[in-house]
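Coordinate inspection notes
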Amino acid sequence: MVLAAGAPVALAQDAASPVGGERLGRPAVQVAPLAGAPALPAELSGRAWLVADAGTGEVLAARNAHEPLPPASTLKMLFADTVLPKFDRSTEHRVAPAELAELGVGSSLVGVKENLPYRVEDLWRGVFLSSGNDAVHVLAHMNGGVQQTVGEMQARARSLQARDTRVVSPDGYDMDGQVSSAYDLTLFARAGLRNADFRSYCATRTARFPGGLDKTTGQRTAFDIANTDRLLGKYPGLIGVKNGYTTNAGATFTGAAERGGRTLLVTVMHPEAQGKVYDEAAALLDWGFAAAGKVQPVGQLVEDLGAPQAAGGSGAPALGDPRAAAADADAGLPPWSRSPVLDGADSGLAPALWTGAVLATALAVWGTARTAARRRAAAPATAPRGPEPLDDVAGATGATRIGATGVGGRRRLARRTRALLRGTRPRRRA
């Protein structure tokens, strides 16, 4: 079901191939309820919003998911995802005056002072809690400069398949042409939360931040800072992530919350009033937890193209991949006893090698049986004869009995081997 609301909007992407699915390229509200699904919140004024399952990536509902809009400080999520992994949190950096010289008028500040040292972890708390553009610019200069950081952020957006995003300033300050979308901001949050430091910073409610020098004692002062995210500590299970506001962008917010083992992501952009961004985000999270399993997804959060693969080239099978179950079942078995390789799995041998191994095993069994038969024939006639042996051919459904005469046994073994080889031929997959 498609709920239309308002006039069509211009989307950044070709409607024929929007990232995440065709429905996310449509304007207005997209939701596909099943029987028993709760209704969406009645009063949602956000110009664009999206709620998704962080684990599966399923988009549960959205409105104007790909509409390009000014992101304000929610763009700092992309900045952190790009720069945060580069510096050890305990590293100290002395701030040069030039690093604070290009801050936009009216920028939100945490209070970084020039010519004083700061630990990297303190600067990141300034970014996440106080949305400090001064802390952003210091970290950007540590990273090689503002323009280099902007270029790296744009490259990171491409890696995340965030095609609606255009980066002009690393802090989200209003700049001509700087836009993102509800879909892209949700991708940034999902990627960032995979980093333990990112997750820790965005979940921090209060912290002590280094101040200036006391004129009397000459000692470094400190002061308290608090997270400007109004849902943090108030909405049950909220993890973070980032809020923002500028005159041009209005209010923006991306949040993540966990309940009953499920983590949901929500983004709201440009509601009618600044304060409504939190109310509408909370209402969408409530709806998402209630609607889980009762709606069909209307789209998908795509994966990071730059995510590192597991050692060994192709990477380990993902959860839910049938190859994972085969790999578990094969653990501890010799290669010739494992499942044959069909589509790049590495649990066994390739089909030709596996077939050869089975044939070699069958011939070895036949040779052993023939040697035993000759020894019994050469034994004294008075010696007692025990029961004839039963040998299991690898992979056969039953045992093949080998007689003492050798001829009949060889024929039966040949028939068994041909049947076995026919049964081990790999099946084609559709």
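For every chain, the first residue of the written sequence is number 1, and numbering continues from 1 onward in sequence order. With pLDDT at 70 or above as the cut-off, local features in this predicted model cover only qualifying residues; side-chain atom pairs require 80 or more to be listed or tallied, and sums for whole chains, interfaces and linings still use all residues. Here the side-chain values reflect all heavy atoms present in the structure, with hydrogen atoms and water set aside.

**A short note on the overall build of the chain**
Numbering of helices and strands starts at the N terminus; helices are DSSP runs of H or I of at least 4 residues and strands are runs of E of at least 2. A tally of helices and strands in the chain yields 10 helices and 15 strands. Think of it in three bands: with a 1.4 Å probe and only protein chains considered, a residue is buried below 20% of the maximum accessible area for its type, exposed above 50%, and partly exposed in between. Taking all 430 residues of the chain together, 46% fall into the buried category. Only heavy atoms matter for contacts: two residues are in contact if any of them lie within 4.5 Å across the pair. Summarising the internal contacts of the chain: among those between residues at least 6 apart in sequence, 63% fall at separations of at least 24. Using the Shrake-Rupley algorithm and a 1.4 Å probe, accessible areas are obtained, with residue cover drawn only from the displayed protein chains. Accessible area of the chain: about 21400 Å², with a carbon and sulfur share of 53%.

**Some thoughts on the pattern of salt bridges**
Any carboxyl oxygen of Asp or Glu that lies within 4 Å of a side-chain nitrogen of Lys or Arg is treated as forming a salt bridge with it. Tallied over the full model, the rule gives 17 salt bridges. Glu22 is the salt-bridge partner of Arg26, the closest N and O atoms lying 2.8 Å from each other. By relative accessible area, Arg26 is classed as partly exposed at 30%. In this structure, Lys276 engages Glu272 in a salt bridge whose closest nitrogen and oxygen atoms are separated by 3.4 Å. When its relative accessible area of 32% is taken as the criterion, Lys276 is described as partly exposed. On the basis of relative accessibility, which here comes to 65%, the residue Glu272 falls in the exposed class. Each member of the salt-bridge network shares a partner with another, and the members are Arg89, Arg119, Glu121, Asp122, Arg125 and Asp197.

**As for empty space enclosed by the protein**
Every definition here rests on a 1 Å grid over the protein atoms only: cavities are sets of points where a 1.4 Å probe fits but cannot get out, pockets are open sets enclosed by protein on both sides within 12 Å along at least five of seven lines, and lining residues have some atom within 4 Å of a point. Grid points are joined across faces, edges and corners, and a volume is the space filled by probe spheres set on the points. For the structure on display, the rule yields one cavity of 30 Å³ or more. Size it by volume and the largest cavity reaches roughly 50 Å³. Lining the largest cavity are Leu160, Leu187, Arg190, Ala191, Arg194, Val302, Glu303 and Asp304. When residue character is reported, Ala, Val, Leu, Ile, Met, Phe, Trp, Tyr, Cys and Pro are called nonpolar, Asp, Glu, Lys and Arg charged, and the others, Gly included, polar. Taken together, the residues of the lining of the largest cavity break down into four nonpolar, no polar and four charged.

**Section: the pairing of strand E11 (residues 262–269)**
The element E11 is largely enclosed, with a buried count of seven among its eight residues. Strand pairing is assigned whenever DSSP identifies at least 2 bridges connecting the two strands. With six bridges connecting them, strand E3 (residues 48–53) and E11 associate as antiparallel partners. The residue of E11 that forms the bridge with Asp53 is Leu264. Pairing of strand E10 (residues 250–259) with E11 involves eight bridges; the strand directions are antiparallel. Paired with Gly255 across the bridge in E11 is Val266.

**Details of the packing of aromatic side chains**
Only Phe, Tyr and Trp rings are paired, with Trp represented by its six-membered ring, and only when their centres lie within 6.5 Å; those with planes under 30 degrees apart are stacked, over 60 edge-to-face, the remainder tilted. Evaluated as defined, the whole model comprises seven aromatic pairs. Considering the side-chain rings of Phe128 and Phe198, the 5.1 Å spacing of their centres and the 85° angle between planes classify their relative orientation as edge-to-face. With Phe128 in helix H2 (residues 120–130) and Phe198 in helix H6 (residues 196–203), this pair connects stretches of sequence that are 70 residues apart. One aromatic cluster is present, built from ring pairs that chain together Phe79, Trp124, Phe128, Phe198 and Tyr201. Throughout this description, the term charge over a ring refers to an Arg CZ or Lys NZ atom that lies within 6 Å of the ring centre and within 35 degrees of the ring normal. Positioned over the ring face of Tyr118 is Arg220, at 4.7 Å from the centre of the ring.

**Some details on H6**
Think of an α-helix as 3.6 residues a turn; residues three or four steps apart then line up on the same face. Phe198, Tyr201 and Cys202 are the residues of H6 that are buried. Taken around the axis of H6, the buried residues stretch over an arc of 95°, which confines them to a single face. Buried residues along H6 sit in contact with helix H1 (76–83), H2, helix H5 (182–192) and strand E9 (238–246). Two N or O atoms form a polar contact when they lie within 3.5 Å of each other; inside protein one atom must be a possible hydrogen donor and the other a possible acceptor, and for residues adjacent in sequence the pair counts only when both atoms belong to side chains. Looking at where H6 begins, the residue whose side-chain oxygen comes 2.8 Å from the main-chain nitrogen of Asp197 is Asn195. This arc corresponds to the set of directions leading from the helix axis out to the C-beta atoms.

**A word on the confidence of the model for the chain**
Per-residue confidence from the predictor is given as pLDDT, running between 0 and 100. Averaged over every residue, the pLDDT of the chain is 80; the share at 70 or more is 68%. In this model, residues 309–355 is a region of pLDDT below 50 whose contacts with residues beyond four sequence positions or in other chains number 43 contacts. Below pLDDT 50 for its whole length, residues 381–407 participates in 32 contacts with residues either more than four positions away or in separate chains.

**Focus: unusual backbone geometry**
Across the chain, the bulk of peptide bonds are trans and the bulk of non-glycine residues have phi less than zero. Following Gly240, the chain continues to Val241 via a peptide bond in cis, the omega torsion being 25°. Topologically, Val241 is positioned in strand E9. Even without glycine at this site, Ala28 takes up a positive phi of about 70°. By the element assignment, Ala28 lies in the loop between strand E1 (2–3) and strand E2 (29–33). Of note, the phi angle at Ala72 is positive, near 55°, even though the residue is not glycine. Here Ala72 lies in the loop between strand E4 (58–63) and H1.

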